[in-house]
Amino acid sequence: MATKTPLDADAQPIIRRFNAARLSDRAIDELIGVCRGVAADGVITTEEVGAVLKWAEQNRDAANTWPADALFARIREMLVDHTLDEQEQSELLGLLRQITGGDVPLCERVASYTSQLPLTKPMPKIEFPGRQFCMTGKFVFGSRRRCHEVVTTKGGQPQAVPTQETDYVVIGSIGNTDWIHSTHGRKIETAVKFQRRGWRVSIVSEEHWVSFLE
């Protein structure tokens, strides 16, 4: 008797889904490396942008996930006239640096940096009573437990992972090795997906969150 392939809640083979996710992770890591290379000298040429778009064509599945989809949508807008002017070059350089985490240390030369690309704009007012918070990354403020304690003390509810009920995903200023990619993680990816579905979750930085603790 043939062994049945285990299925997930959407009736999709779990092994196939796992392998697809692993390939997507690898492709996004590769994209981040490409972006770092293009932005390294602080100058972006039309030829370099063409190479990035070529990567998108060769990795279409990954190109439809964040942050790749945001990057490619903006590039295509810029290249409607088949050229990049100085303003577009400057904007694109900034976008690439955001995706790769930038080159400015956020806390005394820490080894990794937090991408600001997915932060909710304009930054929302943070309310605590009855609100649900999901923390991701490492925090200058203190340990994850300490952050959860503060949220609870102010009437909020900490969450381990984002859900449909989440109000805020807070990104710690110090990246960590638990993240799937070098500049963002699963919790951030999930929150971005929720936003696109019209759900209420806001993605905020540690700095913005701390400003509402006083």
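In what follows, the structure referred to is the one given above.
This report concerns the structure included in the present document. (Residues numbered from 1 in each chain as written. Predicted model: local features only at pLDDT ≥ 70, side-chain atom pairs only at ≥ 80, totals over all residues. Heavy atoms only, no water.)

## Regarding the nonpolar core
Across soluble globular proteins, you tend to see nonpolar side chains buried next to one another.
And then number 1: Judged by nonpolar contacts, the single largest core of 26 residues is most densely connected at Ile44, Leu71, Phe72, Ile75, Leu92 and Leu96.
And then number 2: Put simply, the parts of the chain that give this core at least two residues each are α1 (14-39), α2 (46-58), α3 (60-63), α4 (68-78) and α5 (86-99).
And then number 3: Ile126, Phe139, Val170 and Leu213 belong to the second-largest nonpolar core, a separate cluster that totals 13 residues. (Core = buried A, V, L, I, M, F, W, Y, C linked by side-chain atoms within 4.5 Å. Buried < 20%, exposed > 50% of the residue type's maximum accessible area, 1.4 Å probe, protein only. Helix = DSSP H or I, 4+ residues; strand = E, 2+ residues; numbered from the N terminus.)

## Some remarks on the sheet that holds strand β4 (residues 202-205)
And then number 1: In space, the four strands of this open sheet follow the order β2-β1-β3-β4, with parallel pairing throughout. The outermost strands of the open sheet, each flanked by one partner alone, are β2 (157-159) and β4. Taking each pair of neighbouring strands and ignoring which way they run, the sheet shows an average axis angle of 30 degrees.
And then number 2: Bridge count for strand β1 (residues 132-136) against β2 is three bridges, and the pairing is parallel. Bridge pairing links Phe133 to Pro158 in β2. (Pairing = 2+ DSSP bridges. Axes fitted to C-alpha atoms, helices over the stretch in contact; angles between N-to-C directions.)

## Let's talk about α2
And then number 1: Taking 1.5 Å per residue as the helical rise, α2 with its 13 residues ought to reach 18 Å, and the 19 Å between its terminal C-alpha atoms agrees with that figure.
And then number 2: Within the sequence span of α2, burial applies to Val49, Val52, Leu53, Trp55 and Ala56. Each buried residue of α2 lies within a common arc of 150 degrees when the element is viewed along its axis, so the set occupies one face. Along α2, the residues that are exposed and aim more than 90 degrees away from the buried face are Glu47, Lys54 and Gln58. (Expected span 1.5 Å × (residues − 1). Arc of directions from axis to C-beta.)

## Quick notes on the packing of aromatic side chains
And then number 1: Evaluation of the coordinates by the stated rule reveals six aromatic pairs.
And then number 2: Ring plane angle 15 degrees and centroid distance 5.0 Å describe the contact between Phe128 and Phe133, whose orientation is recorded as stacked.
And then number 3: Its relative accessible area of 0% is what places Phe133 among the buried residues.
And then number 4: Ring geometry for Phe141 and Trp209: centres 5.4 Å apart, planes at 80 degrees, overall edge-to-face. Remark: Trp209 occurs in helix α8 (residues 206-210) and Phe141 occurs in the loop between β1 and α6 (144-153); sequence separation between them is 68 residues.
And then number 5: A relative accessible area of 30% means that Phe141 is categorised as partly exposed.
And then number 6: Classification of Trp209 by relative accessible area gives buried; the value is 0%.
And then number 7: Over the ring of Phe128 we find Lys154; its NZ or CZ atom is 5.2 Å from the centre of that ring.
And then number 8: Sitting over the face of the ring of Trp199, Arg197 holds its NZ or CZ atom 5.4 Å from the ring centroid. (Phe/Tyr/Trp six-rings, centres within 6.5 Å; stacked < 30°, edge-to-face > 60°. Lys NZ or Arg CZ within 6 Å of the ring centre and 35° of its normal.)

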